Amino acid sequence: MAHTLKFSTAQLDAIHQRSMMASLAYRLEVARSASNTQLIERLEQEKQQLTVNVKAQAVLRVAESYLKAIKRGVRNVFWGDSVRGVGEFRCGSDRWWYAIDLTTGEFLYADSEIELHATVEKPNSGR
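Residues numbered from 1 in each chain as written. Predicted model: local features only at pLDDT ≥ 70, side-chain atom pairs only at ≥ 80, totals over all residues. Heavy atoms only, no water.

Novice: When you look at the overall build of the protein in this model, what are you seeing that I'm missing?
Specialist: Scanning the protein for helices and strands turns up three helices and three strands. Residue burial in the protein is summarised as follows: out of 127 residues, 14% are buried. Considering only contacts in the protein between residues 6 or more positions apart, those separated by 24 or more positions represent 18%. Entry remark: accessible area of the protein is about 10,300 Å², with carbon and sulfur atoms responsible for 57%. (Helix = DSSP H or I, 4+ residues; strand = E, 2+ residues; numbered from the N terminus. Buried < 20%, exposed > 50% of the residue type's maximum accessible area, 1.4 Å probe, protein only. Contact = heavy atoms within 4.5 Å. Areas by Shrake-Rupley, 256 points an atom, 1.4 Å probe, with all protein chains shown as cover.)

Printed below as a string of C-alpha cells:
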C-alpha cells in the first residue's frame, strides 16, 4: 500500500533551508582548513544572503496570514455565511442554480435550489 507524505510549503522550505545551511557549513569548514580566504569570503556572503532570504520569507508568511485574516473578517462582516450569490440561471429550457463558496472560492451549481443548499450544507459532497 502506498502512503502519501503531506508537507506544507513552510515545512519543505525549512527542511531545504537546513540542508543548504548544513552544506554551507561543511564547505566553510573545508575552505578554512585549506586556508582559502577568497572562498571563505564568498561562502560567508552566501550565508548572509540565505539568512536574509529566510527572514524575508518569514515576514511574507506573516503578512500573508494577516491579510487572509482581514479578508475573512471583511467577508464575514458583509456576507456572514460561507456562500454568496445564490442565483438562478435560465437560458431557454435550461435552468440551474449557482453560488460561490467563499471559503474555497469554488463555483457551485445544481439543478434546483434545494439541491444547491444541500450541497453547501454537506461539505465536499458533490464537488
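Novice: Sorry, what's going on with the confidence of the model for the protein here?
Specialist: The predicted coordinates ought not to be read in detail in places where the model reports low pLDDT. On average, residues of the protein score 77 in pLDDT, and 77% of them reach the 70 mark or higher. By mean pLDDT, strand E1 (residues 83–91) is the weakest element of the protein at 68, and helix H1 (residues 9–33) is the strongest at 89. (pLDDT = per-residue confidence, 0-100.)

Novice: Please clarify how unusual backbone geometry should be interpreted in this entry.
Specialist: Outside of glycine, negative phi angles account for most residues, and trans bonds account for most peptide bonds. Despite not being glycine, Ser35 shows a phi value in the positive range, around 55°. In this fold, Ser35 is placed in the loop between H1 and helix H2 (37–79). Residue classification places Ser35 among the exposed residues on the basis of a relative accessible area of 56%.

Novice: Can you help me understand the pattern of salt bridges in this one?
Specialist: Oppositely charged side chains are able to pair whenever their charged atoms sit close together. Counted under the stated rule, the structure contains four salt bridges. In this structure, Arg61 engages Asp13 in a salt bridge whose closest nitrogen and oxygen atoms are separated by 3.2 Å. With Arg61 in helix H2 and Asp13 in helix H1, the pair connects residues that are 48 residues apart, well separated along the chain. Between Lys68 and Glu64 there is a salt bridge, with its nearest N and O atoms 3.7 Å apart. Here Lys68 and its partner Glu64 are both found in helix H2, four residues apart, which amounts to about one turn of the helix. (Salt bridge = Lys/Arg side-chain N within 4 Å of Asp/Glu carboxyl O.)

Novice: Teacher, can you tell me more about the nonpolar core here?
Specialist: The tendency in soluble globular proteins is for nonpolar side chains to be buried as a group. Counting six residues, the largest nonpolar core is built from Leu24, Leu28, Ala31, Ile40, Leu43 and Leu50. Within the residue set of this core, elements represented by two or more residues are H1 and H2. Excluding anything up to four places from it in sequence, Ile40 contacts Leu28, Ala31 and Arg32. (Core = buried A, V, L, I, M, F, W, Y, C linked by side-chain atoms within 4.5 Å.)

Novice: Where do I start with the side chain of Gln17 in this structure?
Specialist: Within the element layout of this structure, Gln17 appears in helix H1. Among residues more than four places away in sequence, those in contact with Gln17 are Leu50 and Val54.

Novice: Whenever I open this one, the pairing of strand E3 (residues 107–110) confuses me. Can you help?
Specialist: The side chains of a regular strand alternate, residue by residue, between the two faces of the sheet. Of the two faces of E3, the one lined by Leu108 and Ala110 is fully buried and the one lined by Phe107 and Tyr109 carries no buried residue. Here strand E2 (residues 94–101) pairs with E3 via four bridges, running antiparallel. Bridge pairing links Trp97 to Ala110 in E3. (Pairing = 2+ DSSP bridges.)

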